[in-house]
Amino acid sequence: MTHTARRIGRTLALVLPVVMVLSGTLAVTSVPWAAHNSESQVLTASAQNVSKRAKARTPQDILRDRLLVELRQKDPGVALTDLQRSVEGRPSLARHCVSIAKALGRAAVEQYGPTRAHRFSRPVCDTSFASGVAQFS
């Protein structure tokens, strides 16, 4: 009798963990969030919303916004000088200099009018500020 009980106990000790692992795996794969239908895509949808909100701003966007604020608070001449210094200090911004200068030209036209805005023109970024003023006049 004891020999039979030991044999059953050893068999259960080997088989029971295998059965529990397999049944646990099957149970996890049958829950609703593991399905591939559109109703269960809750995690994916929330992850997409986070990525849109957490989108990092580029250095040129930060510089443009800072210079536009400076243009409105002071004058376009100060903003153009800071643009030139920023491009000299960080050469990677040079390829964005034209678009930033044109944005400053547009803002100057909106704030000062085309005639007065044109007086602030300088040879920064190949006269892109003057081009922006002319384009938005």
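Above: the structure in question.
Residues numbered from 1 in each chain as written. Predicted model: local features only at pLDDT ≥ 70, side-chain atom pairs only at ≥ 80, totals over all residues. Heavy atoms only, no water.

1. Some words on the overall build of the chain
Part 1 of the argument: Check the secondary structure of the chain and you find 7 helices and 0 strands.
Part 2 of the argument: Per-residue burial over the chain gives 26% buried out of 137 residues.
Part 3 of the argument: In the chain, once contacts between residues fewer than 6 apart in sequence are set aside, the share between residues at least 24 apart is 63%.
Part 4 of the argument: If you sum the accessible surface of the chain, you get close to 10000 Å²; carbon and sulfur atoms cover 59% of it. (Helix = DSSP H or I, 4+ residues; strand = E, 2+ residues; numbered from the N terminus. Buried < 20%, exposed > 50% of the residue type's maximum accessible area, 1.4 Å probe, protein only. Contact = heavy atoms within 4.5 Å. Areas by Shrake-Rupley, 256 points an atom, 1.4 Å probe, with all protein chains shown as cover.)

2. Things to note about a nonpolar patch on the surface
Part 1 of the argument: The grouping of Leu-14, Val-15 and Val-19 at the surface amounts to a nonpolar patch, some 280 Å² of accessible area in total.
Part 2 of the argument: Tracing the backbone shows Leu-14 in helix α1 (residues 2–29). (Patch = residues over 30% accessible without salt bridge, like charges linked within 9 Å, V, L, I, M, F, W, Y side chains within 5 Å. Salt bridge = Lys/Arg side-chain N within 4 Å of Asp/Glu carboxyl O.)

3. Some thoughts on the packing of aromatic side chains
Part 1 of the argument: This structure, assessed with the given rule, holds 1 aromatic pair.
Part 2 of the argument: For the ring pair Tyr-112 and Phe-120, a centre distance of 5.5 Å and an interplane angle of 50° mean the geometry is tilted.
Part 3 of the argument: Using a relative accessible area of 19% as the deciding quantity, one classes Phe-120 as buried. (Phe/Tyr/Trp six-rings, centres within 6.5 Å; stacked < 30°, edge-to-face > 60°.)

4. Describing the pattern of salt bridges
Part 1 of the argument: Under the definition given, this model contains 3 salt bridges.
Part 2 of the argument: The closest approach of N and O atoms between Asp-61 and Arg-64, which form a salt bridge, is 3.0 Å. Of this pair, Asp-61 and Arg-64 both sit in helix α3 (residues 59–73), 3 residues apart, which is roughly one turn of the helix.
Part 3 of the argument: A relative accessible area of 25% places Asp-61 in the partly exposed class.

5. What to know about the nonpolar core
Part 1 of the argument: With 23 residues, the main nonpolar core has Leu-67, Leu-83, Leu-104 and Phe-129 as its most contacted residues.
Part 2 of the argument: At the level of elements, α3, α4 (76–89), α5 (97–112) and α7 (128–135) are the ones that each hand at least two residues to this core.
Part 3 of the argument: No other element matches α5, which puts 8 residues into this core. (Core = buried A, V, L, I, M, F, W, Y, C linked by side-chain atoms within 4.5 Å.)

6. As for α3
Part 1 of the argument: The terminal C-alpha atoms of α3 lie 21 Å apart, and with 15 residues this matches the ideal 21 Å at 1.5 Å per residue to within 8%.
Part 2 of the argument: Along α3, the positions that sit buried rather than exposed are Gln-60, Leu-63, Leu-67, Leu-68, Glu-70 and Leu-71. When α3 is viewed along its axis, its buried side chains cluster within an angular range of 160° and face the same direction.
Part 3 of the argument: Lining the buried residues of α3 we find α4 and α5. (Expected span 1.5 Å × (residues − 1). Arc of directions from axis to C-beta.)

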